[in-house]
Amino acid sequence: MTKRHLGLKALVGMTFALVLSWVPQVKADIIFINLNGSATEIPAIQSVAAQMGERVYILPQKGPGEYTSQYETIQLTTELVELAKQGVRPRALVVSGHHSKNEGFWGTNGEASLYYIGKILPKQGEEGYQEAREFFASLQSVYLWGCYTGQLGHVYRLLNGENAAFPNTKYVVGFGEKGPLNTDPLSGRMLKDVLLKESQLRNGTTEQTYTLLKTIPSYQQRDLLIHKGTTFVSKIGAMTQEQFIRSCADSSRKEVLKNSIQLIWDYYWNRIGPIPENTSKSELREAYENLQRNSYCIKMGAVDLSKHFGEVPSPSNVIRLIFYKNIIRNFSRLYAEHLSYTEKELAAHGISNLGFLTEIDQTDRGEVMSKIQEAHRQIADKYKSKTNPEARAKFLYLNGILDDIEEVVYPNGQYVPLRWIDPVSNEFTDFSFFSQFEKALETAKKEAGLVTK
C-alpha cells in the first residue's frame, strides 16, 4: 500500500472518529438541581454516579461565586433542553433546596418550579421538541430533597402523567416533614442510600419497600416518604391515595386541621400574642405541619372548611409567619433609608407617633400593627374627602405607603420573598407605593382626579 493510500486511510479513520464524537451518547444519568448549596449532597450523588457507571449533571451550570438569585424556571428549562439536545437521557432527577408551593424550590442559587417546567417546554414544531420529549420520557424517578416535599399534596401532580415534564415518572421520594439541612452529613447519606437502593425500592412489593425503607439512615427521624404510583410508603406503613382521601373524612382528623388553621389565623391577627421564638418547635410550627400534611384533603374536596374560614392560609405564607423575625430584620436592613424617608414624609403631613418605623425590627409585632392602624386613622382624620382631589390624593398616597409596610408585617408572599426567612438575605422586592415615592404620588394624584404633567 502506498503512502498516499495509508494517508487516505488514516484521514478516513480520523473523520469517522470525529463523526462518532458528535453522535449523542445516550446513557442513563442523574440530573441534580442545586438551588441551595448542597454541601453534603453533591459529593454523595457523585459517589453514586461513579458506582453506577453513570454521569451526574449539576444545574445551574455555574462556577463558584457565579450563582444569582435571578436564576428561575425558564433558565433551568433552557439548560435541561440543552442537555436533551446533547443526547442526555436521565433516569433520575434530584432537586435540593427550600421548598414551597407548586413544587417550587429556592435558595441562594436561585429558584425554580418543577410544576411550570412542563408549561414552557418547546412545543411541537419548535426546536428541541423531540429531544425534550425523549429526555423527560426517560425520567423514572424524582427526588424532592426539601422540607414537606413528600406530602401527597405536593407529589400527586408529578405522578399523574399530565405534566409534560414527567409523563412516565411513577416513583417520587420526599420528606413528610422537615428534611435534613444540606450541611448535615445525614442528608448526603440518606440521598446516597435511596439512590443506590432505588431499583429494589421501586420494583419491590409494598411490603419489601417498607422493609427496605427501615434500613435508610434515620428514616423515622426524617419521615422519608416513597411514592410508587398511587401508593406511598412511610414510617407508619403503606397507603394508597384513595385510602388517604377516605381518611380525610375522619372527624378527629378534620377537627385537628380546623384547630390548626384557627391557631394560624389567631397568630396572624395577633390574637394570642407574639410569634414563638422557636421556629422549629412550637404550637404554630405544629399547626403548620398539620396544614402541610392535610392540604391534599382540602385540594381534593375531601374536607370543606368554608363554613369555618373564609380562606385557608397558604403554607408558604405560614412559613413566612413562623420566620417573621428574620423577615422583619431583612426588611428593616434592606429598606432602612426608605423607612426613614417614610417617617419624615408622614411627619411632614402631620402624622405623629412614627418612631417605630426606623425601629420596626426591634418593636413587638402587635405594637407595630397597632401603630400602623393609628397612623391610618390620623390620615383619615386629615385627608379623607370625596370632594377635595388634593386631600384625596394625599389620603391615597400616605395610606398606600403604610399598606405596603403592612404586607411585610402580615407576611404576604406577593411582596415578601421567601428568601427573607433566612437570617440574611440581600434580595429586594417590588412595592406599589413604598420605596418608589415620587411615582406613587403621581399615581395617587391621577386616581384622585388631579391634573398632572
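Residues numbered from 1 in each chain as written. Predicted model: local features only at pLDDT ≥ 70, side-chain atom pairs only at ≥ 80, totals over all residues. Heavy atoms only, no water.

Caption draft 1: Summary view of the overall build of the chain. Broken down by element type, the chain carries 19 helices and 11 strands. Once the C-alpha set of the chain is aligned to its principal axes, its extents read approximately 100 × 65 × 40 Å. Expressed as a percentage of its 453 residues, the buried residues of the chain come to 50%. Restricting the contact set of the chain to residue pairs at least 6 apart, pairs at least 24 apart contribute 73%. Surface summary for the chain: the accessible area is close to 22,100 Å², and the carbon and sulfur share equals 51%. (Helix = DSSP H or I, 4+ residues; strand = E, 2+ residues; numbered from the N terminus. Buried < 20%, exposed > 50% of the residue type's maximum accessible area, 1.4 Å probe, protein only. Contact = heavy atoms within 4.5 Å. Areas by Shrake-Rupley, 256 points an atom, 1.4 Å probe, with all protein chains shown as cover.)

Caption draft 2: Region of interest: the layout of surface pockets. Of the volumes computed, that of the largest pocket is approximately 760 Å³. Residue lining of the largest pocket: 38 residues in total, with His98, Cys147, Gly179, Leu181 and Arg285 positioned closest to the centre. (1 Å grid on protein atoms, 1.4 Å probe; cavity = no way out; pocket = protein on both sides within 12 Å on 5 of 7 lines; lining within 4 Å. Points joined across faces, edges and corners; volume = space filled by probe spheres on them.)

Caption draft 3: Summary view of the sheet that holds strand E5 (residues 104-107). The 3 strands are arranged E4-E5-E6 in an open sheet whose pairing can be described as antiparallel. Both outer strands of the open sheet, strand E4 (98-100) and strand E6 (110-113), are each paired with one neighbouring strand and no more. Strand after strand, the sheet turns through a mean of 20° between neighbouring axes, direction not considered. Bridging between E5 and E6 involves 4 bridges; their strand directions are antiparallel. (Pairing = 2+ DSSP bridges. Axes fitted to C-alpha atoms, helices over the stretch in contact; angles between N-to-C directions.)

Caption draft 4: Expanded view of the packing of aromatic side chains. All told, the structure shown has 24 aromatic pairs when counted by the stated rule. For the pair Phe244 and Tyr296, a centre-to-centre distance of 6.1 Å together with 55° between the ring planes defines the contact as tilted. Placement of the pair is Phe244 in helix H11 (residues 241-248) and Tyr296 in helix H13 (residues 283-299), with a sequence separation of 52 residues. Accessibility classification places Phe244 together with Tyr296 in one group, the buried group. Relative to Trp269, the ring of Tyr268 lies with its centre 4.9 Å away and its plane at 85°, an arrangement referred to as edge-to-face. Look at Trp269 and you get partly exposed, because its relative accessible area is 42%. In this structure an aromatic cluster arises from ring pairing among Phe331, Tyr335, Tyr341, Tyr415, Trp420, Phe428, Phe431, Phe434 and Phe437. A cation over an aromatic ring shows up here: Arg253 above the ring of Phe244, its NZ or CZ 4.5 Å from the ring centre. Arg365 extends its terminal NZ or CZ atom over the ring of Tyr410, reaching a point 5.6 Å from the ring centre. (Phe/Tyr/Trp six-rings, centres within 6.5 Å; stacked < 30°, edge-to-face > 60°. Lys NZ or Arg CZ within 6 Å of the ring centre and 35° of its normal.)

Caption draft 5: Representation of the confidence of the model for the chain in the model. Residues with a pLDDT of 70 or more make up 91% of the chain, whose mean pLDDT is 89. Looking across the chain, the model is least confident in helix H1 (residues 3-22), with a mean pLDDT of 37, and most confident in helix H15 (residues 324-334), with 98. (pLDDT = per-residue confidence, 0-100.)

Caption draft 6: Region of interest: the nonpolar core. One finds Phe331, Ile405, Val409 and Phe434 to be the most contacted residues of the largest nonpolar core, which totals 73 residues. Counting residues per element, this core draws most heavily on helix H18 (residues 389-409), which supplies 11 residues. Dropping the residues within four chain positions of it, Val409 is found in contact with Tyr324, Ile360, Arg365, Val368, Met369 and Ile372. In terms of nonpolar packing, the next biggest core, distinct from the first, is built from 31 residues, Ile33, Tyr71, Ala84 and Ile117 among them. (Core = buried A, V, L, I, M, F, W, Y, C linked by side-chain atoms within 4.5 Å.)

Caption draft 7: Broad picture of the pattern of salt bridges. One pass over the full model with this rule turns up 16 salt bridges. Lys371 is the partner of Glu367 in a salt bridge, and the nearest nitrogen-oxygen pair spans 2.9 Å. Taken as a pair, Glu367 and Lys371 lie in helix H17 (residues 365-383) at a separation of 4 residues, close to a single helical turn. Two residues, Glu442 and Lys445, come together in a salt bridge whose shortest N-O distance is 4.0 Å. One end of the pair is Glu442 and the other is Lys445, both in helix H19 (residues 437-448) and 3 residues apart, which spans about a single turn. Judged by relative accessible area, Glu442 falls into the partly exposed class, the value being 31%. Each of Glu54, Arg91, Glu198 and Arg202 takes part in salt bridges that share partners, so that together they form one network. (Salt bridge = Lys/Arg side-chain N within 4 Å of Asp/Glu carboxyl O.)

Caption draft 8: Broad picture of the environment of Gln414. By the secondary structure assignment, Gln414 is in the loop between H18 and H19. Sequence separation between Gln414 and His349 is 65 residues; the distance between their C-alpha atoms is 29 Å.

Caption draft 9: Representation of H17 in the model. With 19 residues, H17 extends 27 Å from end C-alpha to end C-alpha; this agrees with the ideal 27 Å at 1.5 Å per step. Inspection of H17 places Arg365, Gly366, Val368, Met369, Lys371, Ile372, Ala375, His376, Gln378, Ile379 and Tyr383 among the buried residues, and these make up the whole buried set. Between the side-chain oxygen at the start of H17 and the backbone nitrogen of Gly366 there is a gap of 3.0 Å, and the oxygen is on Asp364. (Expected span 1.5 Å × (residues − 1). Polar contact = N/O pair within 3.5 Å; in protein donor to acceptor, adjacent residues only side chain to side chain.)

Caption draft 10: Examining unusual backbone geometry more closely. The omega torsion across Leu59 and Pro60 is 0°, close enough to zero to call that bond cis. Residue position: Pro60 is located in the loop between strand E2 (56-59) and helix H3 (73-85). Despite not being glycine, Ser38 shows a phi value in the positive range, around 50°. Topologically, Ser38 is positioned in the loop between strand E1 (28-34) and helix H2 (41-52). For Ser38, a relative accessible area of 1% translates into the label buried. You will see that Asp223, though not glycine, has its phi angle at about 50°, which is positive.

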